[in-house]
Structure formats: C-alpha cells, structure tokens
Amino acid sequence: MSTPLTLEPDYTDPHTLLAAVRELREEVYTEGITLYNRWRPRIQRREFRISGLNLAYYLALRKRDLRPLQAALMPWGLSSLGRIEARVIPNLDAVIATLGAICGESIPHPRLSLFYRGQRLLRHQTNQVFGAPPARRVRIMVTMPSEAAHDAALVHDLLEHGMNCIRINCAHDTPDDWASMIANLRRAEERTGRRARVAMDLGGPKIRTESVLTNGKRLKIGDTLLLTLQPPDESLPFRFQAQCTLPQVFQQVQSGAEVWIDDGRIGGLVETVDQHGLHLR
C-alpha cells in the first residue's frame, strides 16, 4: 500500500496558500527584474526584450523547490506551476486571482492576451526564419550530408518531397562544399518551382588540448595537472601538463571553478591561477 502524500500543514488552508504564492511571485519578480537589468544593455530587438524578461523570471522561479506548493495547489484544481515557461508572471497572477476568489478577495485576473504572447512571438519568429507556413502545420528542415555538395539529385529529391529548409553544419565540410550545396538547392528550385530557406550553423570555438606531458604516468584522483597556453615545460615542477587551444578561457577562470576535459571524462578543480596557467586538482 502506497504512503499518502503529506502536504505542508499550513498549505491546507487556502489563505496560507495564497500568501505563499504571493510571496513566491514577489521573489520571482524582484530577482527576475534584477537579472534582466544586467542583460538589458545588450538586447536590441523588442521581441528579445519581452522574451528575455520572461526568461529571467523563469530562471528565478526554477531556483526554488516548488513541490510543496505544487502538491498544495493540485486539490484546488489550480496550475501546478509545471508548464509555465512562456508566461511565468501571468500564470502566477492567475493562480493568485483564483485563490483570492476562493478566499473571498477580489483580485483582478491578468489579461488573457498575456497567456498567448509567447505563442505569438514564436509564430512570428518562425515565419521570419522559414517564411510563410505551408499547408501542413510543420516545416521540414534537413541537415545536408557531405554528399549534398556533389549529388544534385539528392537535394532535388529532398526539395521535391517537401523540404522547406536546408541546414548546413559549418563545423563540417568546407566553404566550397557549402557553396555547392546552396548552388544545388538553387538549381533544384528552378526545376521544381519550390523554394527552401538556407540555415547555416556556424562552428563555435573548438577547445582542445594540444601538447601533453605525462612523463609516462597515468593521472589519478588527487594529482595536479597544469593547464597552460604554452607547450609543456619539463623544467616546471609539474609532472602532468596540458596545453589548451583557447586563450580566452584563461581570462575568465578563477580559483574554485571546475574544468572538464575529454568530453567530461576527466574533471578537475582549479586550485590556483598564476603566470604558468591553471593548477587543477
């Protein structure tokens, strides 16, 4: 027999629950505004400002353990606060307004339009990127394989069968290959009368280890690894040294930070930062 869920005792009282949601709303609003104001100078587009503010609220909300409130709201048939990514403050205000009605308070309900703003923005941005929607509800994006640079029939068939956008992953192939893929698409458009957009994912910085010094030994838990911008120097008192390919990282890492190498297989804690590099334990 399963054990029944135990609620916070006070949360069985709707007045106490209303006060708790109001407190949550105030904390989320205050922290969200503070976080957003740090981002605001870098945000230029109006739709990004709207989305950015909601994201700040969402990050503030998700810092908290909402499970006691979620369990307490459920018996009242109210939002469990579980799917409010696109409308954080309106959703909290709606819960407050409904709880207020239960408690005999008259609290205005947020405008209905606020609940659909996220969907409107998403639809607008989707149309901006992919063009007017087709007859079906979805668009088809296809990542181009390397073969698409020299196999025009492949691109032609994809377009003819409903592809709306080609995606070129710029972490692979070459600029000449990318140009050939686009040229094959344009020729296919002329033959079929169909159109497709081109999305190019730019390859980000590739952080790699170059020269490595181990003196024939294997790293063990508790060892010290010197992560440096320069090739390993055997005159330094470090048995294990590795050279990093991204200088900008060293300007941002501080003592106490975690550093992960080889896709997370090796982890270290930065104990010291000096002219030689990062001392990882």
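The model shown is predicted, which means the values in this text are computed figures rather than measured ones.

This brings us to the sheet that holds strand E2 (residues 165-169). Spatially, E1-E2-E3 is the arrangement adopted by the 3 strands of the open sheet, whose pairing is parallel. Each edge of the sheet is formed by a strand with only one pairing partner; in this case those strands are strand E1 (141-143) and strand E3 (197-201). Each strand axis lies, on average, 25° off the axis of its neighbour in the sheet, ignoring direction. Of the pairings in the sheet, the one linking E1 to E2 comprises 3 bridges and is parallel in character. The partner of threonine 143 across the bridge, within E2, is arginine 167.

A word on the sheet that holds strand E8 (residues 266-274). With mixed pairing, the 6 strands of this open sheet are ordered in space as E4-E6-E5-E9-E8-E7. This sheet does not close on itself; its edge strands, each paired only once, are strand E4 (209-213) and strand E7 (258-261). Each strand of the sheet is rotated relative to its neighbour by a mean of 30°, with strand direction disregarded. Alignment of strand E5 (residues 225-228) against strand E9 (residues 277-280), held across 3 bridges, turns out to be antiparallel. Residue pairing in the sheet places leucine 225 in a bridge with leucine 280 of E9.

Listed as buried for helix H6 (residues 152-160) are Val155, His156 and Leu159. For H6, the buried positions fall inside an angular range of 100° around the axis, keeping them on one side. The inward-facing, buried residues of H6 abut helix H7 (175-192). With a side-chain oxygen lying 3.3 Å from the backbone nitrogen of alanine 153, the N-terminal cap of H6 falls on aspartate 151. In the stretch just after H6, glycine 162 is the one whose phi turns positive, near 110°.

What follows deals with a negative patch on the surface. Together, Glu147, Asp151, Asp157, Glu160 and Asp173 line one region of the surface with negative charge. Considering the arrangement of structural elements, one finds glutamate 147 in the loop between E1 and H6.

Below, the discussion takes up the pairing of E2. Remark: the E1/H6/E2 crossover connection has right-handed handedness. Alignment of E2 against E3, held across 5 bridges, turns out to be parallel. If you follow isoleucine 166 over to E3, its bridge partner there is valine 198.

What counts, and at which threshold
- Residues numbered from 1 in each chain as written.
- Predicted model: local features only at pLDDT ≥ 70, side-chain atom pairs only at ≥ 80, totals over all residues.
- Heavy atoms only, no water.
- Pairing = 2+ DSSP bridges.
- Helix = DSSP H or I, 4+ residues; strand = E, 2+ residues; numbered from the N terminus.
- Axes fitted to C-alpha atoms, helices over the stretch in contact; angles between N-to-C directions.
- Buried < 20%, exposed > 50% of the residue type's maximum accessible area, 1.4 Å probe, protein only.
- Arc of directions from axis to C-beta.
- Contact = heavy atoms within 4.5 Å.
- Polar contact = N/O pair within 3.5 Å; in protein donor to acceptor, adjacent residues only side chain to side chain.
- Patch = residues over 30% accessible without salt bridge, like charges linked within 9 Å, V, L, I, M, F, W, Y side chains within 5 Å.
- Areas by Shrake-Rupley, 256 points an atom, 1.4 Å probe, with all protein chains shown as cover.
- Salt bridge = Lys/Arg side-chain N within 4 Å of Asp/Glu carboxyl O.
- Lys, Arg positive; Asp, Glu negative; His and termini not counted.
- Charge placed at Lys NZ, Arg CZ, Asp CG, Glu CD.
- Right-handed = clockwise from strand over helix to strand, strands pointing away.

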